[in-house]
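# An overview of the molecular structure
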Amino acid sequence: MSTELFFQYIAAGLTYGFIYAIVAIGFNIIYNTTGIINFAQGEFVMLGSMTAITLNAFMPLPLAILLSVLITMIVGAIMEMLFFRWLESPTVLRMIIITIGLSIIIREIALAIWGENVRALPYFTGNEVTSVSIFGAHISPQVLWVIGICSIVVVALQMFFKFTRYGRQMRACAANREAARLCGINAKNMVTLSFVLSAGIGALAGCVVSPITYSQYNMGVPLAIKGFTVAILGGLGNSMAAVAGGLVLGILESFSVWIMPSAYKDAISIAILLLILFFRPGGLFGRKEELALKEF
Amino acid sequence: MLRIRNIEAGYGSIRVLRKVSLHVNPGEIVTIIGANGAGKTTLLKAVSGLLKTTSGEIRFKGNDITNIPAERLVSLGCVLVPEGRQVFSTMTVKENLMLGATVRYRRDGKETIEKDLERIYNLFPRLAERQGQLAGTLSGGEQQMLAIGRALMSGAELIMMDEPSMGLAPVIVKEIFKTISELRNEGKTVLLVEQNARAALSISDRGYVIETGRIVLQGPAEDLLENRDVQRAYLGRDLDAEVEL
Ligand SMILES: Nc1ncnc2c1ncn2[C@@H]1O[C@H](COP(=O)(O)OP(=O)(O)OP(=O)(O)O)[C@@H](O)[C@H]1O
Ligand SMILES: [Mg+2]
């Protein structure tokens, strides 16, 4: 393989890898505060991306993205407050089923609003034929946008959890909900906040990939599967591991087209998911006592 | 300061507490003793708002706090050090302590809280040495100190403790009990639940004995220590394991 091609694959792998990582982190944030997998995570990505496309018709791109992220965050908050907040000690299964129901409803609403048309946000800089040359490989500037923005999101989230008051409170809730309440932390608000955060980063991810992958009402489904695989691969609840897992999956997928038909690309994540669940249910980086310790 | 009247509470259809009444006056150390499963933890959970009561009334400093959400009670000045320490194991010692002060950020501001942090470090120098260590990697005794320190950071006047000596070596137990009596000198009020009955009663003003969800005996701590039934049921066994103060 030529070096240009090699870097071409790496760049593509990193692009998808970071998106998977962001979706996985979205899963993790909600998992850490509630113990559930939010199957509507992919729908946040879709909502963010579709809303931004619609808004972009009326306003400049940065504003459209900002607004669509905010709107998706509000949707996340409303979703939590309507369907989860008032439940008295609900079981994990019940909550997961609610998220599955919500994902279907959101998709149907999106279909009603936007139809089946495939749309896309414009390239943030240049257009589809613009490229920058890195190590001889021709890479779309949008790839750099995806990698850049996603890295910033990852770092910003880590700072949020480490250094801000609400970030620490969320970690406390994840570590021990009852003890957190005894410290005066409103655990219910932290759950709402976790939905808001997950929705926000999902929406942002949806906006940055839209020019490359295009957007459609059902784009969230494959992303949710990949993100879920990555979350499991890294060990549920562990965000830095999710980044590593995301990049691994992205790069594997990207190089796979070199050795097998690209139609099989999507099978890789399912295969990894099954292998991990069979052999290392705590994830690649998971501890032995696996899900006992949750850390963002 | 705390007045509990005829409360009943339980889990699902299981009733655990049956018409429990007790009170704690300002500046007192009050101990509740009772066998395993008597309902001591259930009682503290009901008071702290972690568990709903089905009847009865709880008042704290004159306010009705029956079934108040746990996170609100702390800001009123009543805090629980839960059974089994329950530190935030994935967070550092310092983070744990600062989280204890959650309710005070708006009220007191950062400087007062930092000053209090120093006080806690003076009280438990071992925590000061381990500020940056993850709480989950502390020894049992250190975790208990952290749990107490975290509760004290809330600035609460009434500290409820659920078996702070559980599973700890006698030397550490002694240290913990010494700290508890020091708290009284600082003007705090303590409601203590203990299996280590002799040591607990010897630092207490008054005590209650709880059996299968009912208060069966109460009185000044000295009287309980001399009471024949109490001696037989709670003080007699494994005297060697008890800590002489
Ligand atoms: N979460 C729960 N669900 C159902 N029953 C419970 C629960 N927690 C406690 N119980 C029951 O309530 C009763 C009182 O338990 P509690 O924990 O209050 O006892 P305790 O006096 O604190 O005992 P110990 O000294 O062992 O801590 C026990 O019979 C126990 O089995
Ligand atoms: Mg108990």
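About the thresholds
Residues numbered from 1 in each chain as written. Chains lettered and ligands numbered in written order. Predicted model: local features only at pLDDT ≥ 70, side-chain atom pairs only at ≥ 80, totals over all residues. Heavy atoms only, no water. Helix = DSSP H or I, 4+ residues; strand = E, 2+ residues; numbered from the N terminus. Rg over C-alpha atoms; globule rule 2.2 N^0.38 Å. Buried < 20%, exposed > 50% of the residue type's maximum accessible area, 1.4 Å probe, protein only. Contact = heavy atoms within 4.5 Å. Areas by Shrake-Rupley, 256 points an atom, 1.4 Å probe, with all protein chains shown as cover. Lys, Arg positive; Asp, Glu negative; His and termini not counted. Charge placed at Lys NZ, Arg CZ, Asp CG, Glu CD. Donors = N, O, S within 2.8 Å, 3.2 Å for Na, K, Ca; no water. Near = heavy atom within 4 Å. Polar contact = N/O pair within 3.5 Å; in protein donor to acceptor, adjacent residues only side chain to side chain. Core = buried A, V, L, I, M, F, W, Y, C linked by side-chain atoms within 4.5 Å. Disulfide = S-S within 2.5 Å. Pairing = 2+ DSSP bridges. Axes fitted to C-alpha atoms, helices over the stretch in contact; angles between N-to-C directions. pLDDT = per-residue confidence, 0-100. Arc of directions from axis to C-beta.

## Brief notes about the overall build of chain A
Broken down by element type, chain A carries 11 helices and 2 strands. N-terminal to C-terminal, the α/β element order of chain A is α-α-α-α-β-β-α-α-α-α-α-α-α. The C-alpha radius of gyration computed for chain A amounts to 19 Å, which stays within 12% of the reference 19 Å derived for 296 residues, consistent with globular compactness. Seen along its three principal axes, the alpha-carbon backbone of chain A occupies a region of about 60 × 50 × 35 Å. Within chain A, the proportion of its 296 residues that are buried is 54%. A sequence separation of at least 24 residues applies to 76% of the contacts in chain A between residues at least 6 apart. Within the structure as shown, chain A displays about 12,900 Å² of accessible surface, and the carbon and sulfur contribution to it stands at 71%. Each charge class in chain A was averaged separately, 17 positive and 13 negative side chains, and the resulting centres sit 10 Å apart.

## Let's talk about the coordination of the magnesium ion (ligand 2)
Residues and elements named next belong to chain B. T41 (OG1) and E83 (OE) make up the full set of protein donors to the magnesium ion (ligand 2), lying at 1.8 to 2.6 Å. Of this pair, T41 sits in helix α1 (residues 40-48) while E83 is found in the loop between β6 (78-81) and α3 (93-100), placing the two residues 42 residues apart along the sequence. T41 sits in the buried class, given a relative accessible area of 18%.

## Regarding unusual backbone geometry
Residue and element names in this part refer to chain B. A positive phi angle, close to 55°, is found at Q86, a residue other than glycine. With respect to the helices, strands and loops of the structure, Q86 is situated in the loop between β6 and α3. The phi dihedral of T212 is positive, around 35°, even though this residue is not glycine. With respect to the secondary-structure elements, T212 resides in the loop between β9 (206-211) and β10 (214-220).

## What to know about the site of ligand 1
All names here are of chain B. Surrounding ligand 1, one finds 13 residues, the nearest of these being K40, T41, T42, E83 and Q195. In this structure, a nitrogen atom belonging to ligand 1 sits 3.4 Å away from a side-chain N or O atom of Y11. Between ligand 1 and K40, the relevant distance is 2.7 Å, taken from an oxygen atom to a side-chain nitrogen or oxygen of the residue. Computed on the free molecule, ligand 1 has an accessible area of 640 Å², of which 61% lies beneath the protein chains in the complex. No other element matches α1, which puts 3 residues into the shell around ligand 1.

## Examining the nonpolar core
Grouped together as the largest cluster of nonpolar side chains are 89 residues, with contacts concentrated most on I19(A), I25(A), I29(A), L121(A), L157(A), I185(A) and F88(B). At 13 residues, the largest contribution of residues to this core is made by helix α1 (residues 3-34) of chain A. With 41 residues, the next largest nonpolar core counts V87(B), A156(B), I176(B) and A199(B) among its residues.

## Let's talk about the state of the cysteines
Scanning the model with the defined rule gives 0 disulfides over all chains in all. The thiol of C183(A) is not disulfide-bonded; the next cysteine sulfur, from C173(A), is found 9.5 Å away. When its relative accessible area of 4% is taken as the criterion, C183(A) is described as buried. There is no disulfide at C78(B), and the cysteine sulfur nearest it, in C183(A), is 14 Å away. Assessed through its relative accessible area of 2%, C78(B) is described here as buried.

## Looking at the sheet that holds strand β5 (residues 63-64) of chain B
Pairing between the strands of a sheet comes from backbone hydrogen bonds, and it takes one of two forms, parallel or antiparallel. All names here are of chain B. Across the sheet, 4 strands lie side by side as β2-β1-β4-β5; this open sheet has antiparallel pairing. A strand with exactly one partner marks an edge of an open sheet, and here the two such strands are β2 (14-24) and β5. By the bridge criterion, 2 bridges tie strand β4 (residues 53-60) to β5 in an arrangement that is antiparallel. In the sheet register, R59 faces β5, and the bridge partner there is D64. Against the sheet, α1 makes contact with β1 (2-11), β2 and β4, and its axis sits at roughly 110° relative to β1, the strand it touches most.

## Some words on the confidence of the model for chain A
Residues and elements named next belong to chain A. Looking at chain A, pLDDT values average 90 and 96% of them are 70 or higher. Per-element averaging of pLDDT across chain A places strand β1 (residues 132-134) at the bottom with 83 and helix α3 (residues 61-83) at the top with 97. With pLDDT under 50 throughout, residues 288-292 is counted as low confidence; its partners more than four residues away or in other chains account for 4 contacts.

## Digging into the side chain of T99(A)
Residue and element names in this part refer to chain A. Along the chain, T99 turns up in helix α4 (residues 92-114). A distance of 2.7 Å separates a polar atom in the side chain of T99 from the backbone oxygen of I96. If sequence neighbours within four positions are ignored, T99 has contacts with I36, I37, N38, F39, A40 and F84.

## Observations regarding helix α10 (residues 228-235) of chain B
All names here are of chain B. Listed in full, the buried residues belonging to α10 are V230, Y234 and L235. On an axial view of α10, the arc spanned by its buried residues comes to 70°, and they lie on one face. Seen from the open side of α10, the exposed residues pointing more than 90 degrees away from its buried face are R228 and R232. On its buried face, α10 is in contact with β3 (29-33), α8 (197-202), β9, β10 and α9 (221-226). At the N-terminal boundary of α10, the capping side chain belongs to N227, with an oxygen 2.7 Å from the backbone nitrogen of D229.

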